[in-house]
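Now for the letters of each chain:
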Amino acid sequence: MGLLEKNFNPKEVEDKWYNYWEKNNLFTAKTDSNKPPFSIVIPPPNVTGSLHMGHALNVTIQDILTRWKIMSGFNVLWVPGTDHAGIATQNVVEKELSKQGLDRHKIGRQAFIEKVWEWKAEYGGRIIHQLKKLGCACDWSRERFTLDEGLSRAVREVFVRLFEEGLLYRDNRLINWCPRCHTALSDLEVEYEEIEGKLYFIKYPLTSNTGKNEENLINIATTRPETMLGDTAVAVHPEDPRYSHLIGKTVELPLTNRKIKIISESSVDPSFGTGALKVTPAHDFNDEIIGRLHKIPFISVITEDGRMSGDAGDRYKGLDRYECRKKIIANLKEEGLLAGEQRHLHAVGHCYRCKTIIEPILSVQWYVKIESLALEAVRLVREGNIRLIPNAWDNNYYSWMKDIKDWCISRQIWWGHQIPVWYCPDCSGNGGGLQGNVIEHIFYEPLRVNNNTISGGTYSHLRKAGLKHEDIIKNSKIIRIPKEVKPLSQRQDIEECPNCKSKDIIRDPDVLDTWFSSALWPFSTLGWPENTKELKTFYPTSVLVTGFDILFFWVARMIMMGSKFMQREPFKDVYIHALVRDLDGHKMSKSKGNVIDPLVMIERYGTDAFRFSLAAFAAQGRDVRFSEKKVEGYRHFINKIWNASKFILNYREFRSDKSSINEYAEQLDLPSMWILNRLAMTAQGINKELSEYRFNDAASKIYHFIWHEFCDWYIEIVKPVLYKGDDEAKKVIVNCLFFILDNILRMLHPFMPFITEEIWNSIYADKTSIMTSAYPSEFPFYTDAEELMSFFIDAVSGIRHIRGELNINPSLEIIAGIKTLSQKAEIVLRENISAIMKLTKCREINIGEDIARSEDSAVTIKNNMEIYVPLGGLLDIKSEMARLIKDKRKTESELSFVSKKLSNEDFLKNAPTDIIEKEREKFNILAEKSQKTSESIKILKTIKG
């Protein structure tokens, strides 16, 4: 049994114990264990990522569950890993190349992929190191990466099976396109932000009339005038009396030589703008629906790089879309066709990675038919196979799944799982098994330009490499894939067509959406498609811990893929935690300057204090409002635990070898029986709260027990015995203290792994780790201890209340009288009078049913007793009353001033956050002071005479 240092130093402890746990394989799960399995898969952080507050909350919750279950006798597997993060990682490496004057198209696909792997080898482990710094008990022997060999095999197997079943198809339709990342985005990857733009009113002249007076014009409202160059119709509601007579007529499309028809469409909102809608089916999702319904042309006027195409006309071709907007407005004004403009607040879609405004464009992409998969995923939740916690998310889940669209899974980048599809132009459509039409697509073989070999691909890929149109046409072999040629999806790479043996096959250059591979995470990480021991033991997983922001990105898709390929749910519970916000409730962002770095918090206060602060405020359904002062406060809690442990270890010579406190059952006094009861209730409560994912309630229970009941009450009560008692009495108390400390450390370990391991090893140097001990659960109860101890606590707190409220000098010994209203109370108080006197600094306490109150006594009333403290000689009652009244008036005046300031919207809007926080703290301090002063005045008013 070792000694503890004077102060707890996290920096000296954390790495030591984490390395010890890893070295001794304490995180490693067994596939041949007789223990019940419990498994979690980590939401894989991006390989480009670094630890942020969302990660910290997420993995802290998982680690609490993992350590709790290990200690509760389960065979626990927590699978760690990272996501290849296609777009994000490619962007990072492309930026590095640009510093060298290179880009991916110049060096070619294979060389670029090699560069990304080199980057991953050097920097990709950063987030893993940070997870270890946070204390994560992951099974690192089973760490996975979404592009490792096993997961890549699973991804290909899923793709091929979906392909073979006809659940995959290609189509030329409108998609969200990021001009910066040069790739398609799913609806979920588009973040909408309200921005202030303009609503422009443009005059479209009717072709059946001459002149440009108001009778010969129809006004169109739009927020994106550059897209008017791709208009192919004007739509009006069939029952709109303003326009019904114009249906079927044509208008001249301003700034072009085209004529377009006015059509009838019931989806048009007559109350928006002018009630007449310009229809641009190649650049608006709603217009696409109208375009297909009415079979009107699709004209693409914006290219993949956000510039105007040749179809936009010679004077706009090549312009950036926003430069084009300015020029169009100027040209409309010149021709007298701009009816006006007004400020307009509207939601605009941005790329979730680079924040560029997305552009809807026509593109050939791969899609998953989602309806049948979604129906099964809904059933699993409705029938209780999967629980969403809190269940307030159920309706959101059902609503989203009801309106779900087919999933666009292809991305026009190079880093990721390249789509396992080949095309054979020589095969006359005999290969592959895709049902339905296949859209024509053109690929180009690798070519040499200016002595550089350029990777092949689509025309747009080569244009992005900086090649001119004429160079592409002159130097490359154009391979046109006709509609009749069906794709070949293969489990292995192929060099020739399996049907006609032609070697002129072309692989699809696109990669799969990153979320496609992560949707397989619960079973691909366990070895699927092989029927591994891990899969048999740990699937379905027990719980998924995730943020609500990826409920549909990821969770819903995992449910769909799990039910499809494993024929059952991928996890039993989904615990959905909220966001970590700043103290004012604002979302953390670099632009706001309110980001808190978890690693900085760990450096300043230690991992345990940081983790406990996250757990303590992780209430279900409520965002975490985080502040550094909370972490600082729990650092004080850690010091309390450390000092209490040191105090107890000072008496280790009196600790016996008896294994259970039950050996001393007949020798326990009332405070000892009471604290053991409180320990039992705390342990039961924590187990219950953790089983219901109420981490804040569990943290609150253990905090209250350790600080207020064990340290503030029990240790203070037993100090006289430890200081002056005989050896036999000390032995009973010391063994009780060690028993409770032992259980405190085990209860606390999932929340604070490092300090608990350090103290534990000071007590049990011969044992492996606190992680191998049993989590406290069941204890015997002492039936009457709670009620009897309440008399003791009421007596002490009652006397302390009078002393504190009347500001009686702490050094003064006082006299108190306790009039008991029950025989039980009197017996308890008399038996424990020495301890009560010590805790209240009384030189005399009179107890009994006939105790009378003197005229100069302050009084407080508790259950089963009235407590009197004579004030004669302690303070001048009249002077004290005058002082308190004066203090109260001053406090209330200051309180009123601060309250008005905090009610001032201009102050709250303009003042720095730290200033506002100081004012709020000041308000709370003044409010508490006012309340205490009122209590003191109330006590003085009870004095007779």
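1. A closer look at the overall build of the chain
Assigned secondary structure in the chain consists of 30 helices and 33 strands. With the C-alpha coordinates of the chain rotated into their principal frame, the extents come out at 110 × 70 × 55 Å. When each of the 945 residues of the chain is scored for burial, the buried share is 55%. Summarising the internal contacts of the chain: among those between residues at least 6 apart in sequence, 78% fall at separations of at least 24. Summed over its atoms, the accessible surface of the chain is roughly 42600 Å², and 47% of this surface lies on carbon and sulfur atoms. Within the chain, one finds 128 positive and 128 negative side-chain charges whose respective centroids are separated by 2 Å.

2. Considering the sheet that holds strand 7 (residues 190-205)
Ordered in space as 8-7-13, the three strands form an open sheet in which the pairing is antiparallel. What marks the edges here is a single partner per strand, and that holds for strand 8 (217-222) and strand 13 (338-351). Neighbour-to-neighbour, the strand axes of this sheet turn through a mean angle of 20°, independent of strand direction. Alignment of strand 7 against strand 13, held across 13 bridges, turns out to be antiparallel. Its bridge partner being in strand 13, Gly-197 is matched across the sheet by His-344. The strands touched by helix 9 (residues 321-334) within the sheet are strand 7 and strand 13, with strand 13 carrying the most contacts at an inclination of about 165°.

3. Quick notes on the packing of helix 20 (residues 628-649) against helix 24 (residues 753-763)
Relative to each other, helix 20 and helix 24 sit at 0°, their axes nearing to 11 Å. One finds that helix 20 runs roughly parallel with respect to helix 24. Across the interface between the two elements, Ile-638, Ile-641, Trp-642, Ser-645 and Leu-649 from helix 20 touch Ile-755, Glu-758, Ile-759, Ser-762 and Ile-763 from helix 24. Counted by class, the contact of helix 20 with helix 24 contains seven nonpolar, two polar and one charged residues.

4. Observations concerning a negative patch on the surface
Together, Glu-653, Asp-726, Asp-727 and Glu-728 give the surface a local cluster of negative charge. Looking at where Asp-727 falls in the secondary structure, it is placed in helix 23 (residues 727-748). Owing to a relative accessible area of 51%, Asp-727 belongs among the exposed residues under this scheme.

5. A look at the nonpolar core
If you look at the biggest cluster of nonpolar residues, it comprises 224 residues, and the most contacted ones within it are Phe-516, Phe-710, Ile-740 and Phe-751. A total of 15 residues in this core trace back to one element, the largest contributor, which is helix 22 (residues 695-724).

6. Considerations on helix 25 (residues 785-805)
The end-to-end C-alpha distance of helix 25, which contains 21 residues, comes to 29 Å, matching closely the 30 Å that a straight helix rising 1.5 Å per residue would cover. Among the residues of helix 25, those classed as buried are Ala-785, Met-789, Phe-791, Phe-792, Asp-794, Ala-795, Val-796, Gly-798, Ile-799, Ile-802, Arg-803 and Glu-805. Looking one or two places after helix 25, you find Asn-807, whose phi comes out positive at around 55°.

7. Overview of the packing of aromatic side chains
Under the criterion given, the structure shown has 40 aromatic pairs. Ring centres of Phe-523 and Tyr-539 lie 6.4 Å apart, and the angle between their planes is 85°; on these two criteria the pair is classed as edge-to-face. Taken together, the residues span a long stretch of sequence, with Phe-523 in helix 15 (residues 521-524) and Tyr-539 in the loop between helix 16 (533-538) and strand 26 (541-547) at a distance of 16 residues. Here Phe-523 matches Tyr-539 in class, with each residue buried. Ring plane angle 15° and centroid distance 6.4 Å describe the contact between Phe-705 and Phe-710, whose orientation is recorded as stacked. With relative accessibility at 0%, the residue Phe-705 sits in the buried group. The rings of Phe-612, Phe-617, Tyr-634, Phe-637, Tyr-703, Trp-707 and Phe-751 are connected pair by pair, giving a single aromatic cluster. A cation sits over an aromatic face here: Arg-104 above Trp-414, 4.7 Å from the ring centre.

8. Brief notes about the pairing of strand 1 (residues 37-41)
When you tally the buried positions in strand 1, you get four out of five residues, the bulk of the element. When strand 1 meets strand 2 (residues 75-79), the two strands line up parallel, connected through five bridges. Residue pairing across strands places Pro-37 opposite Asn-75, the latter belonging to strand 2. Crossover handedness for the path strand 1 to helix 2 (residues 53-71) to strand 2: right-handed.

9. Quick notes on the environment of Ser-769
Along the chain, Ser-769 turns up in the loop between helix 24 and helix 25. Placed 13 residues apart in sequence, Ser-769 and Thr-756 show a C-alpha to C-alpha distance of 9.9 Å. If we ignore the near neighbours within four places in the chain, the residues touching Ser-769 are Tyr-20, Trp-21, Leu-26, Glu-757 and Trp-760. Within the local environment of Ser-769, its side chain forms a polar contact with the side chain of Glu-757, the two groups lying 2.5 Å apart. Within the structure, Ser-769 has its side chain in polar contact with the backbone nitrogen of Met-771 (distance 3.0 Å).

Rules used in this analysis
Residue positions are given per chain, counting from 1 as you read along its sequence in written order. For this predicted model, a pLDDT threshold of at least 70 governs which residues receive local features, and a threshold of 80 or more governs which side-chain atom pairs are given and counted, while totals over whole chains, interfaces and linings are taken from all residues. Heavy atoms throughout the structure, all of them, feed into the side-chain values; hydrogens and water do not. Helix and strand definitions here come from DSSP, where helices need a minimum of 4 consecutive H or I residues and strands a minimum of 2 consecutive E residues; each element is numbered from the N-terminal end. Only protein chains enter the calculation, and the probe is 1.4 Å; a residue is then buried if its accessible area is under 20% of its type maximum, exposed if over 50%, and partly exposed in between. Any two residues having at least one pair of non-hydrogen atoms within 4.5 Å are treated as being in contact. All accessible areas in this document rest on Shrake-Rupley with a 1.4 Å probe, and a residue is counted as covered only by the protein chains that are shown. Counted as positive: Lys and Arg. Counted as negative: Asp and Glu. His and the chain ends are not counted at all. Working definition for charges: the position is that of NZ of Lys, CZ of Arg, CG of Asp or CD of Glu. Whether two strands pair comes down to DSSP finding at least two bridges between them. All axes are obtained by fitting lines to C-alpha atoms, using only the stretch in contact for helices, and the reported angles, taken between N-to-C directions, cover 0 to 180 degrees. Any angle that is under 35 degrees is reported as roughly parallel, and any over 145 degrees as roughly antiparallel; angles of 65 to 115 degrees are reported as roughly perpendicular and all others as oblique. In this count, Pro and Cys sit with the nonpolar residues alongside Ala, Val, Leu, Ile, Met, Phe, Trp and Tyr, while Asp, Glu, Lys and Arg are called charged and the others, Gly among them, polar. To count toward a patch, a residue needs a relative accessible area over 30% and no salt bridge; like charges are then connected within 9 Å, while nonpolar side chains (Val, Leu, Ile, Met, Phe, Trp, Tyr) are connected within 5 Å. Here, a salt bridge means any side-chain nitrogen of Lys or Arg that lies within 4 Å of a carboxyl oxygen of Asp or Glu. Buried Ala, Val, Leu, Ile, Met, Phe, Trp, Tyr and Cys residues form a nonpolar core when they are joined through side-chain atoms within 4.5 Å. An expected span of 1.5 Å times one less than the residue number is assigned to each helix. Pairing of aromatic rings covers Phe, Tyr and Trp, the last through its six-membered ring, and needs centres within 6.5 Å; plane angles under 30 degrees mean stacked, over 60 mean edge-to-face, and all others mean tilted. The criterion for a charge sitting over a ring is simple: Lys NZ or Arg CZ within 6 Å of the ring centre, and within 35 degrees of the ring normal. Whether a crossover is right-handed depends on one test, that the path from the first strand over the helix to the second runs clockwise when the strands point away from the viewer. Here a polar contact is taken to be a pair of N or O atoms separated by no more than 3.5 Å, where protein atoms must pair a possible hydrogen donor with a possible acceptor and residues adjacent in sequence count only if both atoms sit in side chains.

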